[in-house]
Amino acid sequence: MSVTQLQASASNAAAPVLSPAVVSASGLSRHYGEGDTAVHALRNVSIEIEEARLTAIMGPSGSGKSTLMHTLAALDKPNEGSVTIDGLEITGMNDKQLTKLRREKIGFVFQFFNLLPMLTAEENILLPLSIAGEKPDKDEFEELLARVGLKDRRSHRPSELSGGQQQRVAVARALVSKPTVVFADEPTGNLDSKTSDEILQLLHEAVESYDQTMVMVTHDAKAATIADRVLFLADGRIVRDLGRADEAQILETVKEVTLT
């Protein structure tokens, strides 16, 4: 199903059956600085991310959406509150424990790909397993390469790939270790509209085909239409929580949140 078809069916979709939460946060607060000059990025945020669902996080610039994702993904620590991933409380972990957690439980897709230029596409995809001293199942890896459309580009380095192909490498790298959750930070922000649709389709297929739990930060209402749930942040708080929604509904909610 294309992104356009997903948009068309979103408004008619039944409310999803709740799945177990694999990522949860309670009472998250994050501020930078002290006193009158302090910037409060998160204010007492609590959230549960359901298994095998795609949750989109939206909000105006400065709303706290990136800070929330970084905190949930163990890239930043809250001043208050707790985060749990796959039953593990992570806010008290030391750097070594967090590194192990990110390697074993978390996949990342970034706006600017973050590929190693000296490695081939295949080597970049396999990097998480290489670091962990593991080898992929050959059949599963070949199926993943085929799904992301990179079988004929596996030996190419990033400089020999288009932006869309580089993001396909990044998506495959995030999926190859079968993480508990994938965090995607503006995954289409550096791509043209056609390539963006292709990447969004890949992300949607990862949830549908692999039961992959995914959290996506985006400013793009069209991108958010692939999500099972759309959270809206403003001034460091979750102010709206939508189920599956079409582009018009999302844009209207963005407008309401921005004017609040």
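The rules behind these values
Residues numbered from 1 in each chain as written. Predicted model: local features only at pLDDT ≥ 70, side-chain atom pairs only at ≥ 80, totals over all residues. Heavy atoms only, no water. Pairing = 2+ DSSP bridges. Helix = DSSP H or I, 4+ residues; strand = E, 2+ residues; numbered from the N terminus. Contact = heavy atoms within 4.5 Å. Axes fitted to C-alpha atoms, helices over the stretch in contact; angles between N-to-C directions. Core = buried A, V, L, I, M, F, W, Y, C linked by side-chain atoms within 4.5 Å. Buried < 20%, exposed > 50% of the residue type's maximum accessible area, 1.4 Å probe, protein only.

(A) Highlighting the sheet that holds strand E4 (residues 80-85). Spatially, four strands are ordered E2-E1-E4-E5 in an open sheet, and the strand pairing comes out antiparallel. Every interior strand has two partners, whereas the edge strands, strand E2 (39-50) and strand E5 (88-89), have only one. Summarising the sheet, strand E1 (residues 21-32) and E4 pair through five bridges and their orientation is antiparallel. Note on E4: the bridge partner recorded for Ser24 is Thr84. With respect to the sheet, helix H2 (residues 65-72) is in contact with E1, E2 and E4, its orientation differing from that of E1 by roughly 125 degrees.

(B) Up close: the pairing of strand E10 (residues 237-242). When strand E9 (residues 229-234) meets E10, the two strands line up antiparallel, connected through five bridges. Directly across from Leu231, in E10, lies its bridge partner Asp241. Hairpin connection from E9 to E10: two residues lie between these consecutive antiparallel strands, with Asp235 at a positive phi of about 50 degrees.

(C) Broad picture of the nonpolar core. If you look at the biggest cluster of nonpolar residues, it comprises 45 residues, and the most contacted ones within it are Ile125, Met216, Val230 and Ile250. Leaving out residues up to four positions away in the same chain, Met216 has contacts with Leu54, Thr55, Ala56, Ile57, Ala184, Pro187, Leu200, Leu203, Ala223, Ala224 and Ile226. Judged by nonpolar contacts, the second largest core, of 28 residues, contains Ala25, Met93, Leu98 and Leu101.

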